[in-house]
Amino acid sequence: MSDRFTAIHMKEQPAEDRRKNFSEVPCGYTEEEAILEANRCLQCKNAPCIEGCPVAIDIRSFIGHLQKREFDKAINKIYEADILPCVTGRVCPQESQCQARCVLDKKGDAVSIGSLERYVADRDLDRRREALKDAPVDVSGKTKVAVIGSGPAGIACAADLNRYGYDVTIFEAFHKAGGVLTYGIPEFRLPKAIVDVEINSLVQTGVKLVPNALTGRSFTIDELMAEDYKAVFVGSGAGLPQFMNIPGENLNNVYSANEFLTRVNLMKAHRYPEYDTPVKHGKNCAVIGGGNVALDVARTAIRLGSEKVYLIYRRSQEEMPARHEEIRHALEEGMELLALTNPVAYHGDESGFLEKIECVKMELGEPDDSGRRRPIVKEGSNFFIEADVCVVSVGSTPNPLIAMTTPLLETTKWGTIKVDDNGMTTMPGVFAGGDIVTGAATVITAMGAGRTAAASMHEYIKKL
Amino acid sequence: MYKIIEKYSLAPQIEFARIKAPMISKKAEPGQFLIVVACEKSERIPLTIADFDREEGSVSIVFQKMGKGTHKIADFKAGESFHAVLGPQGNPTEIEGEKNIVVIGGGIGVAPVYPIARKFHENGVHVTSIIGYRGKDFLFWDDKLAAVSNEMKITTNDGSVGHKGFVTDVLQQMIDNKEPIDRVIAIGPPIMMKAVADVTRPHGIATTVSLNSLMVCGMGMCGACRVTVGGEVKFTCMDGPEFDAHKVDFAELMQRLGMYKDLEKDAHDEYKGDSNE
Ligand SMILES: Cc1cc2nc3c(=O)[nH]c(=O)nc-3n(C[C@H](O)[C@H](O)[C@H](O)COP(=O)(O)OP(=O)(O)OC[C@H]3O[C@@H](n4cnc5c(N)ncnc54)[C@H](O)[C@@H]3O)c2cc1C
Ligand SMILES: Cc1cc2nc3c(=O)[nH]c(=O)nc-3n(C[C@H](O)[C@H](O)[C@H](O)COP(=O)(O)OP(=O)(O)OC[C@H]3O[C@@H](n4cnc5c(N)ncnc54)[C@H](O)[C@@H]3O)c2cc1C
Ligand code: SF4
Ligand code: SF4
Ligand code: FES
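Residues numbered from 1 in each chain as written. Chains lettered and ligands numbered in written order. Predicted model: local features only at pLDDT ≥ 70, side-chain atom pairs only at ≥ 80, totals over all residues. Heavy atoms only, no water.

> Any details on the overall build of chain A? Residues and values, ideally.
Regarding its fold elements, chain A presents 19 helices and 16 strands. The C-alpha atoms of chain A give 23 Å as radius of gyration, which agrees with the globular expectation for 464 residues (23 Å, within 12%). Judged by the C-alpha coordinates and their principal axes, chain A covers about 65 × 60 × 50 Å. Taking the intrachain contacts of chain A between residues at least 6 apart in sequence as the baseline, contacts between residues at least 24 apart amount to 70%. Per element, the accessible surface of chain A, about 18700 Å² overall, is 51% carbon and sulfur. (Helix = DSSP H or I, 4+ residues; strand = E, 2+ residues; numbered from the N terminus. Rg over C-alpha atoms; globule rule 2.2 N^0.38 Å. Contact = heavy atoms within 4.5 Å. Areas by Shrake-Rupley, 256 points an atom, 1.4 Å probe, with all protein chains shown as cover.)

> Break down the sheet that holds strand 10 (residues 126–133) of chain B for me, citing the residues and quoting the values.
All names here are of chain B. Spatial ordering of the open sheet is given by 12-11-10-9-13-14-17, a layout of seven strands whose pairing is mixed. Two strands in the sheet have a free side with no partner beyond their single neighbour: strand 12 (163–164) and strand 17 (242–244). Across the sheet, helix 3 (residues 110–122) lies against strand 9 (100–106), strand 10, strand 13 (183–187) and strand 17, angled at about 165 degrees from strand 9, the strand it touches most. Across the sheet, helix 6 (residues 190–200) touches strand 9, strand 13 and strand 14 (206–210), and the angle it forms with strand 13 is around 165 degrees. (Pairing = 2+ DSSP bridges. Axes fitted to C-alpha atoms, helices over the stretch in contact; angles between N-to-C directions.)

> Outline the interface of chain A and chain B, listing residues and values.
Facing 43 residues of chain A, the contacting portion of chain B comprises 47 residues. Across the chain A to chain B interface the summed buried area is about 3900 Å²; carbon plus sulfur atoms make up 53%. The three residues of chain A that bury the most area against chain B are A:Arg217, A:Asn250 and A:Asp276, which together make up 21% of that side's buried surface. Across the salt bridge formed by B:Lys27 and A:Glu223, the nearest N and O atoms sit 2.7 Å from each other. At the level of secondary structure, the elements contributing two or more residues to the side of chain A that touches chain B comprise strand 5 (240–241), strand 6 (254–256) and helix 14 (257–266) of chain A. Among the elements that take part in the side of chain A that touches chain B, helix 14 of chain A stands out by supplying four residues, more than any other. Classifying every residue of the side of chain A that touches chain B by side-chain character gives 21 nonpolar, 14 polar and eight charged. (Buried area = accessible area lost by both parts, 1.4 Å probe. Salt bridge = Lys/Arg side-chain N within 4 Å of Asp/Glu carboxyl O. Nonpolar A, V, L, I, M, F, W, Y, C, P; charged D, E, K, R; others polar.)

> Explain the sheet that holds strand 7 (residues 284–288) of chain A to me, using residue names and the numbers behind them.
All names here are of chain A. One open sheet accounts for five strands, arranged 6-14-7-8-9; its pairing is parallel. Of all the strands in the sheet, the pair left with one neighbour each is strand 6 and strand 9 (336–338). Neighbour-to-neighbour, the strand axes of this sheet turn through a mean angle of 20 degrees, independent of strand direction. Of the strand pairs in this sheet, strand 7 and strand 8 (residues 308–312) are connected by five bridges, and their pairing is parallel. Bridge pairing in strand 8 places Ile-288 opposite Ile-312.

> Quick rundown of the environment of A:Arg19? Include the residues and the values.
All names here are of chain A. As for its position among the elements, Arg-19 is in the loop between helix 1 (15–18) and helix 2 (31–39). The exposure class assigned to Arg-19 is partly exposed, which follows from its relative accessible area of 25%. With 266 residues separating them in the primary sequence, Arg-19 and Cys-285 have C-alpha atoms 15 Å apart. (Buried < 20%, exposed > 50% of the residue type's maximum accessible area, 1.4 Å probe, protein only.)

> Explain the domain arrangement of chain A residue by residue, including any values.
Residue and element names in this part refer to chain A. On domain assignment, one finds that chain A holds domain 1 (15–123), domain 2 (144–239 + 397–462) and domain 3 (243–394). In this structure, domain 1 and domain 3 have C-alpha centres spaced 31 Å apart. Here domain 1 and domain 3 share an interface that buries about 1100 Å² over both sides, 50% of which is from carbon and sulfur atoms. Contact with domain 3 buries surface across domain 1, with Arg-18, Arg-19 and Phe-22 losing the most and accounting together for 55% of the total. Inspection of the region where domain 1 meets domain 3 yields two salt bridges. The partner of Arg-18 in a salt bridge is Glu-332, and the shortest N-O contact between them spans 2.6 Å. Of all the elements in the fold, those that place two or more residues in the side of domain 1 that touches domain 3 are helix 1 and helix 6 (85–91). Of the residues in the side of domain 1 that touches domain 3, the class split is seven nonpolar, two polar and four charged. (Domains from an automatic or database assignment.)

> Hey, could you go over the side chain of A:Lys268 for me, with residue numbers and the actual values?
Residues and elements named next belong to chain A. Relative to the elements of secondary structure, Lys-268 occurs in the loop between helix 14 and strand 7. Notably, Lys-268 is buried but unbridged: the nearest opposite-charge side chain belongs to Glu-187, and the N-O separation is 5.4 Å. Lys-268 has contacts with Lys-192, Arg-263 and Tyr-275, leaving out every residue within four places of it along the chain. (Lys, Arg positive; Asp, Glu negative; His and termini not counted.)

> Hey, could you go over the site of ligand 2 for me, with residue numbers and the actual values?
Residues and elements named next belong to chain B. Among the 23 residues in the neighbourhood of ligand 2, the closest are listed as Pro-46, Gln-64, Gly-67, Thr-70 and Asn-212. Between ligand 2 and the protein, one listed contact pairs an oxygen atom with a backbone N or O atom of Pro-46 at 2.6 Å. In this structure, an oxygen atom belonging to ligand 2 sits 2.2 Å away from a side-chain N or O atom of Thr-70. Protein chains shield 87% of the accessible area of ligand 2, which is 860 Å² for the free molecule. (Near = heavy atom within 4 Å. Polar contact = N/O pair within 3.5 Å; in protein donor to acceptor, adjacent residues only side chain to side chain.)

> Please provide a residue-by-residue account of the nonpolar core, values included.
One finds A:Ile59, A:Phe62, A:Ile63, A:Leu116 and A:Leu161 to be the most contacted residues of the largest nonpolar core, which totals 74 residues. If you tally residues by element for this core, the top one is helix 19 (residues 443–462) of chain A, at nine residues. Leaving out residues up to four positions away in the same chain, A:Phe62 has contacts with A:Ile57, A:Ala74, A:Lys77, A:Ile78, A:Ile113, A:Leu116, A:Glu117 and A:Val120. Counting 38 residues, the second-largest nonpolar core is a separate cluster that includes A:Leu240, A:Tyr310, A:Val392 and B:Met219. (Core = buried A, V, L, I, M, F, W, Y, C linked by side-chain atoms within 4.5 Å.)

> So what's going on with the confidence of the model for chain B? Residues and values would help.
Caution applies to low-pLDDT parts of the model: their predicted coordinates are not meant to be read in detail. Looking at chain B, the pLDDT average stands at 92 and 95% of residues meet or exceed 70. What the predictor reports for the complex is a pTM of 0.94 with an ipTM of 0.93. (pLDDT = per-residue confidence, 0-100.)

> I'd like a rundown of the site of ligand 1, residues and numbers included.
All names here are of chain A. Contacts to ligand 1 come from 35 residues, most closely from Val-91, Ala-153, Glu-172, Arg-189 and Asp-435. Within the contact set of ligand 1, a nitrogen atom lies 3.2 Å away from a backbone nitrogen or oxygen of Ala-173. In this structure, Arg-189 approaches ligand 1 through a side-chain N or O atom, which is 2.7 Å from an oxygen atom. For the shell around ligand 1, the secondary-structure elements that each account for two or more residues are helix 10 (152–164), helix 15 (292–304) and helix 19. Ranked by the residues each element gives to the shell around ligand 1, the list is headed by helix 15, at three residues. When the residues that make up the shell around ligand 1 are grouped by side-chain class, the tally is 18 nonpolar, 12 polar and five charged. Looking at which domains feed residues into the shell around ligand 1, each of domain 2 (144–239 + 397–462) and domain 3 (243–394) supplies at least three.

Listed below in structure tokens is the structure:
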């Protein structure tokens, strides 16, 4: 049923069904499907795919084990480099990373590395759930270190520090751990039950988790350092929502993507009134932006019941930074893409609720610094889109609170924290990684940065 | 877990709770607030720190039963625990060398005004408190506030206690009498805070208000709490909650507070099985 150049795709929930639920869209491989797909891999000697992976998973070896049905060996190979394969297998932009380098990509479909990674990792979930029944490991008496933020960077850093033998405490501002994995990426892309296993596994190995602790307000980094923590890792992400500063942006029912997604993913507004937090999705919901975040919002609005969901994006579809699979899924689910369009003002009714969005048409000019063609306004092309809810998803930047309250910490003009090659900041003993250093990026790079920093922290503490 | 040490009603629909929270009490300052999540399915509700006791490791809240969120918090008893309490959030009230200060509390606003008045009083500032209630049955903490004020004026809508009328009447009188006022700090319903701003503006009296915008995160990552101050968009939870009253766009604040009115009523009716308010 398959030839070397045609991928076995995971079965998916039909678009008509999944529009109405929050269950995952791709259903996962069966064992036979996984083996068939694994067998497409040529086991190339130089394995160029590995260079495409930001944490250099030994892709050839793990797929090689899979070809021989050596599932334990396969997962352990992945764990050497990636401690969150259930997550990365689902959300990595594979088509621009590992799979972009696969030799088969030139002649046909690349090996579905992400899907195989997910398969192998999901297979290991039952064993991990079982292991959670053991009592948490006692780490008392060990050297104390602190991790700020429980997103992928913090989780990875804490896990490695725990393995190096430290007494690790994660301080998380929210009442629930996981960072973007918990409050940002929706259930239908990343089931929260998986994130829970990751967090519970950490706690079970002896990592302490302190929720409701906002560094900079609850305490400062200087205070932590004075309090016996030998080193601190800052993985606080890039959670400050950006707005466009156009007229009417504070009208009722104009949301930031962070607010909209937090209401649904963290506070479970889609299950209102069983859960207390409400959210408005509107009859016509417009989403501004073209990245993963914008698409997550659009697909969430569809599931909440908006009749029309528009994605307003200022460049053309080719330039959209979102994962291709996300764009395809959203279009299948009925999202309308209004490319080469940009909002210039919001207009409301007499009680201040959004009624329509004034937009202009754009055209593409010369390439800019990012290599993408610069969008230019077509003068006089103003038109209106009827929308009663709008979600602004045009990016986010680091929250300045930690930098503001830590005098020795230097930041760049973008508000990101400066680090050296080892992940150490300008304050001795304080390390940082993930979105707080790179600006909004990816799960796998944040995870990698957390691990690099953990290794440096270990070296640093040994020399104290 | 955030255990409730003590819990009682102060007045109709107004509740007091003292919560064990050592980490928060260590840092709490007047002017700051908490985010309370009563149980796992509850909303994140912002409530001002009405008092704190660093020795006991506790913080106190005073809140008005409005909708489902605050009713749920009210249903908790001493000995039980809240799911989550985050704080202290927001910026503390600053003393800026004032000699004479007027603090104004309207209704539930009397509670957050109390630790602020106390702080100024402890620092030797002359404190005049003006507090307004609906009527005599709604009085609470007037005694506590009196203990930290040099002068104390009460107003009620029906005249059952003190001056019959509004807090702004008393403030206007003070201004007309040329009493020295370096700054006014007013906390209460937005409409009251706006009225205070309108009274002090022509006289150029510095005026601070604490805004009660809707919030989700309370830590600067959602933007639910955005307000316009002096033409600029600010996040109440991070940049405030206190702002220069003369620069606040109160119309926008009140408009945004109405964003969920329809849903809130449904939720509340469903929770209480009636529609009593
Ligand atoms: C909606 C959405 C969809 C995305 N989709 C994808 C995708 O498909 N694929 C992909 O690879 N990437 C995706 N990303 C990006 C990816 O999620 C992030 O790059 C990654 O989560 C960054 O990890 P982090 O650990 O640096 O930060 P975060 O995940 O942001 O975690 C930071 C944590 O720190 C906490 N925190 C912040 N400040 C403080 C403080 N002062 N004190 C204590 N705690 C604090 C926060 O509450 C949070 O829990 C998406 C992002 C979003 C928002
Ligand atoms: C920084 C800050 C400090 C606060 N401190 C206190 C305090 O010390 N004591 C106290 O009782 N309240 C305080 N509030 C207000 C309190 O958070 C709201 O009353 C509460 O969120 C209402 O929730 P609910 O679910 O009970 O009512 P909802 O169902 O949300 O609303 C019921 C009604 O109240 C209105 N409402 C909703 N939220 C607010 C709000 N934030 N302010 C005014 N009206 C609102 C709605 O429009 C609706 O008509 C504070 C708010 C902020 C932002
Ligand atoms: S972690 Fe991401 S980039 Fe690396 S192999 Fe897995 S899916 Fe590919
Ligand atoms: S490049 Fe493709 S075919 Fe070659 S080893 Fe990697 S996954 Fe297999
Ligand atoms: S409440 Fe979320 S930014 Fe202020």
